[in-house]
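Descriptive structure summary
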Amino acid sequence: MLYGLLLLLGLTGCSDDRDDGSRAFMSEATIVGDADRGYSCYLDGGGRVVTHDRRLDGIERGYFEFRYTESDWTDAALVGCYIRNARVLPYSVYEIIRPVGTESSGTDSPAGADNREIPPHLSLGQGCFGYFDLHTGIRIANLQNGESIPVEMEMSYDPAEQTPDTLRLRLHYHPEIPAGWPDTHLEYGSVSCDLSALASLVQWSDSVTVAVEAGDEKPYLVRIGRDDLFKPD
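Please read all numbers here as calculations on a predicted model, not as lab measurements.

A count of helical and extended segments in the chain gives 1 helix and 17 strands. For the chain, buried positions account for 39% of its 233 residues. In the chain, once contacts between residues fewer than 6 apart in sequence are set aside, the share between residues at least 24 apart is 66%. For the chain, the exposed area adds up to about 13,100 Å²; of that, 51% sits on carbon and sulfur atoms.

Here's what the structure looks like:
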């Protein structure tokens, strides 16, 4: 008897379910704008989401959850389809590395090359909207108290080494463990490198290979289009 009642309640509950139009998805994105005018979130896979969510204040790149309803889809004549009035939840905010120029005859690194280490399990993400992402150990965590600090990372480039089809960068990775932290581990994640300042460095080809030298045997490569050197307006 009890089983039959529970089954009936379950079937009744299912039959009352209705689609209220709520939707959500996750994506990496570049953020442009402010809360007053509206943030434009340019999705790595294509598309744009507009929001006034102040949680995006000061954020340039990251991995986000986007919540919206079907009625938020907008088709504007000049800008095409986009989602408006979304709720955006930062899942992972990426620190930004901005490349620093060096000269061939000068120092090899803004912070010196002698003490840099090879970044563990380094890989490069796709490049778009003026950035490309790097995935490696990004924070040092103290296992005794849960405190953590970011790994110092810098990117440099020599203007004399650049060619129209190859952007050569050098990553400087400095994991400094504070004194008094005897038990630590490395937390992995993503950071973004801002390429926009290099957009006019040379007359780039339509397709550009970004080659990152990190201190091991061969460079890490990612191909981008020339337009990917520019941030959205």
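So that's the structure; there's more coming.
Adjacent strands of a sheet pair through backbone hydrogen bonds, lying either parallel or antiparallel. Across the sheet, 5 strands lie side by side as 9-13-14-16-17; this open sheet has mixed pairing. Of all strands in the sheet, those bounded by a partner on one side alone are strand 9 (100-101) and strand 17 (220-225). As judged from the 2 bridges shared by strand 9 and strand 13 (residues 152-157), these two strands associate in the parallel manner. The residue of strand 13 that forms the bridge with Gly 101 is Tyr 157.

Counting through the fold element by element, Thr 166 comes out in strand 14 (residues 166-174). Within the structure, Thr 166 has its side chain in polar contact with the side chain of Asp 165 (distance 3.2 Å). Once you skip the residues sitting within four places of it in the chain, Thr 166 turns out to touch Trp 204, Val 208, Thr 209 and Ala 211.

Applying the stated criterion across every chain yields a total of 15 salt bridges. Residues Arg 170 and Glu 213 are paired through a salt bridge, measuring 3.0 Å at the closest nitrogen-oxygen approach. On the criterion of sequence distance, the pair formed by Arg 170 in strand 14 and Glu 213 in strand 16 (residues 207-213) is long-range, its members being 43 residues apart. Each of Glu 60, Arg 98, Asp 194 and Lys 231 takes part in salt bridges that share partners, so that together they form one network.

Turning next to the pairing of strand 10 (residues 123-128). Bridge count between strand 10 and strand 11 (residues 131-142): 4 bridges; the pairing is antiparallel. Its bridge partner lying in strand 11, Cys 128 is registered against Tyr 131. Between strand 10 and strand 11, which pair antiparallel in sequence order, lie 2 residues; one of them, Phe 129, sits at a positive phi of approximately 55°.

Now for the packing of aromatic side chains. Within this structure, the stated rule accounts for 5 aromatic pairs. The interplanar angle of 20° and the centroid separation of 5.1 Å between the aromatic rings of Phe 25 and Phe 66 together place this pair among those described as stacked. On the criterion of sequence distance, the pair formed by Phe 25 in strand 1 (residues 22-34) and Phe 66 in strand 4 (residues 61-69) is long-range, its members being 41 residues apart. Consider the rings of Phe 64 and Phe 66, whose centres lie 6.0 Å apart with planes at 55°: the pair is tilted. Side by side, Phe 64 and Phe 66 carry an identical accessibility label, which is buried.

What follows is about unusual backbone geometry. A positive phi angle, near 50°, is found at His 121, a position not held by glycine. Mapped onto the fold, His 121 is located in the loop between strand 9 and strand 10. Notably, Phe 129 is not glycine yet its phi reads approximately 55°, a positive angle. Mapped onto the fold, Phe 129 is located in the loop between strand 10 and strand 11.

Mapped onto the secondary structure, Ile 177 falls in the loop between strand 14 and strand 15 (184-194). Ile 177 sits 26 residues away from Val 151 along the chain, and the two C-alpha atoms are 9.0 Å apart. Each residue touching Ile 177, except ones within four places of it in the same chain, is listed here: Ile 140 and Thr 184.

Before going further, it helps to examine the nonpolar core. Grouped together as the largest cluster of nonpolar side chains are 29 residues, with contacts concentrated most on Phe 132, Leu 134, Met 155, Leu 167, Leu 169, Leu 195 and Val 210. Listing elements by their share of this core, those giving two or more residues are strand 11, strand 13, strand 14, strand 15, strand 16 and strand 17. Leave out the neighbours within four places in its chain, and Leu 195 touches Gly 130, Tyr 131, Phe 132, Leu 167, Leu 169, Val 210, Ile 224 and Leu 229. Among the nonpolar cores identified, the runner-up in size contains 15 residues, and Ala 29, Cys 41, Leu 43 and Val 49 belong to it.

Definitions and limits used
Residues numbered from 1 in each chain as written. Predicted model: local features only at pLDDT ≥ 70, side-chain atom pairs only at ≥ 80, totals over all residues. Heavy atoms only, no water. Helix = DSSP H or I, 4+ residues; strand = E, 2+ residues; numbered from the N terminus. Buried < 20%, exposed > 50% of the residue type's maximum accessible area, 1.4 Å probe, protein only. Contact = heavy atoms within 4.5 Å. Areas by Shrake-Rupley, 256 points an atom, 1.4 Å probe, with all protein chains shown as cover. Pairing = 2+ DSSP bridges. Polar contact = N/O pair within 3.5 Å; in protein donor to acceptor, adjacent residues only side chain to side chain. Salt bridge = Lys/Arg side-chain N within 4 Å of Asp/Glu carboxyl O. Phe/Tyr/Trp six-rings, centres within 6.5 Å; stacked < 30°, edge-to-face > 60°. Core = buried A, V, L, I, M, F, W, Y, C linked by side-chain atoms within 4.5 Å.

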